[in-house]
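# Structure assessment
Chain by chain, the residues run as shown.
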Amino acid sequence: MAEEPNSELQQPSASGSRQHFLRDVIFHGKFRALSSEETTSCHHGLFFLDGQRRVDYILTYPLRKSGGGRSSRQSDQSLTENLSSCNLSHSKQFKGGSTVADVELGCLGETFNSHEDQKTLRREEFEKHLKDMGLELEKDEEAMIPGLGFVKIHAPWNVLCREAELMKLKMPTKKVYEVKESSSVMKKISSLVNKVLEPLHPNVEEHHFKNIKHLSHSFSREKQHLFDLSDKDNFFDSKTRSCIVFEILKRTKCKAKYSMGITSLLGSGVYTAAYPLHDGAIEESAEPNDRKLLYEEWANYSVFFKYQPIGLVRKYFGEKIGLYFAWLGLYTQMLIPASLVGVIVFLYGCATVDDNIPSMEICDPKNNITMCPLCDRVCSYWKLSTACGTARASHLFDNPATVFFSIFMALWAAMFMEHWKRRQMRLNYEWDLTGFEDEEDHPRAEYEFRVMQKSLKKDKKSPLKMEKLTCSDRLPAYMTNIVMMLLMIGVTFAIVFGVILYRISTKAALYMSSSPTTRSHVQLTVKTTAAIINLVVILILDEVYGAVARWLTVLEAPKTEKNFEERLIFKTFILKFFNAFSPIIYIAFFRGRLVGRPGRYLYVFESYRMEECSDGSCLMELCIQLSITMLGKQLIQNNLFEIGIPKLKKLIRYIRSEQGAFQEEERQKKLRRYETDHFLEPFGGLTPEYMEMIIQFGFVTLFVASFPLAPLFALLNNIIEIRLDAKKFVTELRRPVAARAKDIGIWYDILRGVAKVAVIINAFVISFTSDFIPRMVYLYMYSPDGSLHGFVNHTLSYFNVSHFEHGKETMDPMPYGYAVEVCRYKDYREPPWSPTPYEISKEFWAVLAVRLAFVIVFQNVVMLMNDIVDWLIPDIPKDISQQIHNEKILLVELFMKQEQGMINILERGTSSSIKETHRRSHNNNNSTPAPPFSKEQPNGTNNF
């Protein structure tokens, strides 16, 4: 290794700083405000000790405690000798035949006394291979963090060039061209829009040079003359350098026979962490850097109204994270028109609530309609007019405008998908990803370990034969996956059923209360508390299901990281989707329909009567459940958890690092960049970020017919979510390794699936959950005057109270001072005086037929409109297609020009060489007489 640091930083004064230290660590993502001298000192944390070579990557490892007077270096030397003897012993025993495989060391029959010695050997072997790959290393075992050593990695220029060529990285050439508008009219319109929107653009360099673009080409060492290499130190930016080093780390072999790359070493504890460094600090006194600029212009709540600097995000974090924030920004922008239309629909309901005839009839006390009890024994008869408030509130969400809004949201989802595809293609062009194809990833460490286990179980006659996992090898994991997924979904259904029992029993208990106030608010109390219980259960099970999905995916042992991520996403989405939407689906489609009728109710466990909707409509309860679940998940899970948990983990990591040895005076020393980044939370991937947005997209689209304000709440949440995620990436997380990607992957397919399902669900919500279809059937088939007068009475059936089952009748038969003989309930059934009492009436079948017809027509019409939108809007914008074509022409011209220049140089060199040869020959002929036998050849040429 390179030399270790032997100088300590000067200790600043400890007075007045202790009280602010933890506050800065936890709440501001820094260890305290830096002076200019300390900023200069901290700059060395980004470079080797020579101050010239940049630190491209950091590996951390636990320091071995040397004891018994034996130094750490002497111990390492002894371990190196041990390694050599181990290899010699391995070769001899392998020829002998009968051996026992030591998996960890790749050494047969040899074990070490200390597990730490094994880790040290593997670490030394791995670092030796890194040096063989051309990387330069420097150790720091005298860091401020006790018990932790750091390996700083630098990739020199020749390694960067070699790997960039192997990875086919597109780099900007010397050729610069202007991206022109398609027409002068479009240019004028674009300039006018840019002037109007100028205050909304972030103050970053990329915005000012948007029309200037470098022609890019895959890097090649043979064509270095095409690229501007005047500044080799900055030709490959920090994001690209760390990506190149990580690629080398992944494919470099470690000591274990079948292990590959850094992942296996991290998993076995040889190294404790591996991460690239942030560019610098974010404090005002820090030197200008991309991280500081992102903090000021992106990860700041004061700039919530501005566009995101997506180009700078991509430059710092890579294309994959850049695509996520671009998608999130576009989704948030598209929520603006959806929110406006939803608010208009809601305001329309508010404006027409006083003119709504069904709610007026319910609220009219003159109708004097007596309803049947909502539960057995303890519940009494009740007047329909007491449901006036619920009926008026239901009209806010159940009115003719909601049908239009459902169609609008289905088209909105299709427009969002098409708009994103076009935006994605534009970003691919701007980021030089048009020709990028996903390359096959390196096998994961877990996969190789499983392959190794399989190989060791095979016949020892062919120990070097390469193995792979087959379907039969994975069959136990597949069966476990199926069983566990079904079990988890069953747990979700069981919890929904438990909440149903809670509502039934609580309602009966509250009706037995002696307080009139309690009895008058039974429905609201039960609805709200049940929705809160569902929310708490959903939040808890979300965490459980996330862990279960990861465990099941690990069991499958996918070969590559891409396969692992896709399988994990699919399992997590299925479990969390059922978890979030099962209570809502029950209320929308099952509650109030599995009740039976008075005198013949359905019971659970022969004692719990299935619940029904209080006013005959479950739409208001569906709205309450949706609002509480959506707002609760966004407020608690998406915001408070994302803010609090990373800060708590950072505090715990910092406290553990002290272990009684991190004294106050040492704590006052300025930590270097790689030490500061060690306290940050490791990047765990984009799956949680996408998942919460996909679930929110489900709330916005699936049941929007019953909750038109969902897009507005989603918009308000996302405005905060963008800046919250940005702040987390910039200040709370270690810098992720930049990953190239040209799309959002499987998430797009999930979005399309949710949008398709949303059309069907909204059709059923309008048709079966709301009263839209019954109102239309009554209006056009049964109304005597062509209005909705009499609609409420038409939907209520009669029941003779003497037909109640024995022991099920109410204990208060005279709540109004007189005996109730007939009560009403919501259903289409024959009256008790008809020849077929309580049988389903013909009105029921007419309404059912229209409902089913509406579902079919609505679904097909909306799907057809979505296909038309998909067909009308091209996936690739016309100007981008033209620019890609022009870029290819410019690239060919550049190659031809460079090739012609090289040919001219060669021709001039050849011509000069020939002339010089002739001149020298002529001089020789003049100075030396010709030999006597020299004569002209038959073909007219001279033999020199």
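This report concerns the structure included in the present document. (Residues numbered from 1 in each chain as written. Predicted model: local features only at pLDDT ≥ 70, side-chain atom pairs only at ≥ 80, totals over all residues. Heavy atoms only, no water.)

Looking only at helices and strands, one finds 31 helices and 14 strands in the protein chain. Looking at the protein chain residue by residue over its 944 residues, the buried ones come to 49%. The contacts in the protein chain between residues at least 6 apart in sequence include a share of 79% that link residues at least 24 apart. For the protein chain, the exposed area adds up to about 46700 Å²; of that, 59% sits on carbon and sulfur atoms. (Helix = DSSP H or I, 4+ residues; strand = E, 2+ residues; numbered from the N terminus. Buried < 20%, exposed > 50% of the residue type's maximum accessible area, 1.4 Å probe, protein only. Contact = heavy atoms within 4.5 Å. Areas by Shrake-Rupley, 256 points an atom, 1.4 Å probe, with all protein chains shown as cover.)

Further remarks concern helix H30 (residues 842–872). The terminal C-alpha atoms of H30 lie 45 Å apart, and with 31 residues this matches the ideal 45 Å at 1.5 Å per residue to within 8%. Listed in full, the buried residues belonging to H30 are Glu843, Ala846, Val847, Arg851, Phe854, Val855, Phe858, Val862, Met863, Asn866 and Val869. Packing partners of the buried residues in H30 comprise helix H16 (400–430), helix H27 (746–769), helix H28 (772–782) and helix H29 (791–795). (Expected span 1.5 Å × (residues − 1).)

Let us now look at the state of the cysteines. As enumerated under the stated definition, the model contains 3 disulfides in all. At a sulfur-sulfur separation of 1.9 Å, the disulfide partner of Cys372 is Cys823. Given an S-S torsion of about 85°, the disulfide between Cys372 and Cys823 has right-handed geometry. Of this pair, Cys372 sits in the loop between strand E7 (370–371) and strand E8 (382–383) while Cys823 sits in strand E14 (residues 822–826), and the two are 451 residues apart along the sequence. Like Cys823, Cys372 is buried. (Disulfide = S-S within 2.5 Å.)

Turning our eyes to something else, we now look at the nonpolar core. Trp327, Tyr331, Trp412 and Phe703 are the most contacted members of the largest nonpolar core, which totals 113 residues. Per element, the largest residue contribution to this core is 15 residues, and it comes from helix H13 (residues 319–352). Leu169, Phe227, Leu265 and Val270 belong to the second largest nonpolar core, which has 41 residues in total. (Core = buried A, V, L, I, M, F, W, Y, C linked by side-chain atoms within 4.5 Å.)

Our next topic: the side chain of Asn866. Relative to the assigned elements, Asn866 resides in helix H30. With residues near it in sequence (within four places) discarded, Asn866 still touches Ala410, Leu411, Ala414 and Val759.

This part takes up the pattern of salt bridges. Under the definition given, this model contains 33 salt bridges. Between Glu297 and Lys306 there is a salt bridge, with its nearest N and O atoms 3.8 Å apart. The burial state of Glu297 is the same as that of Lys306; both residues are buried. Close ionic contact of Glu809 with Arg377 constitutes a salt bridge, the shortest N to O distance being 3.8 Å. Taken together, the residues span a long stretch of sequence, with Glu809 in the loop between strand E13 (796–800) and E14 and Arg377 in the loop between E7 and E8 at a distance of 432 residues. The class for Arg377 is partly exposed, based on a relative accessible area of 33%. Several salt bridges converge on common partners, so that one network encompasses Glu418, Lys421, Asp870 and Asp875. (Salt bridge = Lys/Arg side-chain N within 4 Å of Asp/Glu carboxyl O.)

Sheet architecture is open: 4 strands sit in the order E2-E3-E1-E6, paired in antiparallel fashion. With one partner strand each, in any of the chains shown, strand E2 (136–140) and strand E6 (273–275) form the two edges of the open sheet. Strand-to-strand twist across the sheet, computed as the mean angle between neighbouring axes with direction ignored, equals 20°. Relative to E6, strand E1 (residues 57–62) is paired through 3 bridges, and the arrangement is antiparallel. Along E6, the bridge assignment pairs Ile58 with Tyr275. Sitting on the sheet, helix H9 (residues 238–251) is in contact with E1 and strand E3 (148–154), with an inclination near 50° to E1. (Pairing = 2+ DSSP bridges. Axes fitted to C-alpha atoms, helices over the stretch in contact; angles between N-to-C directions.)

What follows concerns unusual backbone geometry. Here Lys168, not a glycine, exhibits a phi torsion of approximately 55°, which is positive. Following the sequence through the fold, Lys168 ends up in the loop between helix H5 (157–166) and strand E4 (170–178). A positive phi angle is found at Tyr838, which is not glycine, with a value near 65°. Within the fold, Tyr838 resides in the loop between E14 and H30. Tyr838 sits in the buried class, given a relative accessible area of 7%.

Right, let's talk about a nonpolar patch on the surface for a bit. A contiguous nonpolar surface patch, about 410 Å² in accessible area, is contributed by Leu475, Met479, Ile482 and Leu486. The topology assignment puts Leu475 in helix H18 (residues 471–511). By relative accessible area, Leu475 is classed as partly exposed at 47%. (Patch = residues over 30% accessible without salt bridge, like charges linked within 9 Å, V, L, I, M, F, W, Y side chains within 5 Å.)

Where H27 contacts H30, the two axes come as close as 9 Å, and the packing angle between them is 150°. Between H27 and H30, the interaxial angle falls into the category roughly antiparallel. At the point where H27 passes H30, the crossing takes the right-handed sense. Of H30, the residues touching H27 (which contributes Arg752, Lys756, Val759, Ile760, Ala763, Phe764, Ile766, Ser767 and Phe768) are Leu848, Arg851, Leu852, Phe854, Val855, Phe858, Gln859, Val862, Met863, Asn866, Asp867 and Asp870. Among the residues making up the contact of H27 with H30, the classes are represented as 13 nonpolar, 3 polar and 5 charged. (Parallel < 35°, antiparallel > 145°, perpendicular 65-115°, else oblique. Left-handed = near helix turned anticlockwise from the far one by under 90°. Nonpolar A, V, L, I, M, F, W, Y, C, P; charged D, E, K, R; others polar.)

Moving on, we come to the packing of aromatic side chains. In this structure the tally under the stated criterion is 51 aromatic pairs. On the basis of an interplanar angle of 85° and a centroid distance of 4.9 Å, the ring pair of Phe235 and Phe236 is categorised as edge-to-face. The pair formed by Phe235 and Phe236 is uniform in burial state, with each residue classed as buried. The side chain of Lys383 reaches across the aromatic face of Tyr816, ending 4.7 Å from its centre. (Phe/Tyr/Trp six-rings, centres within 6.5 Å; stacked < 30°, edge-to-face > 60°. Lys NZ or Arg CZ within 6 Å of the ring centre and 35° of its normal.)

Structurally, the position occupied by Gly45 is in the loop between helix H2 (36–42) and E1. Here the alpha-carbon distance between Gly45 and Tyr674, two residues 629 residues apart in the chain, equals 6.1 Å. Those residues in contact with Gly45 that sit more than four places away from it in its chain are Val55, Leu277, Arg672, Arg673 and Tyr674.

Between H18 and helix H21 (residues 561–589), whose axes approach to 10 Å, the crossing angle comes to 20°. Classed by the angle they form, the pair H18 and H21 counts as roughly parallel. Taken as a pair, H18 and H21 cross one another with a handedness that is right-handed. Counted together, Tyr478, Asn481, Met485, Met488, Ile489, Thr492, Phe493, Val496, Ile500 and Arg503 of H18 and Arg567, Lys571, Ile574, Leu575, Phe578, Asn579, Ser582, Pro583 and Tyr586 of H21 form the full contact between these two elements. In terms of residue class, the contact of H18 with H21 is built from 12 nonpolar, 4 polar and 3 charged.

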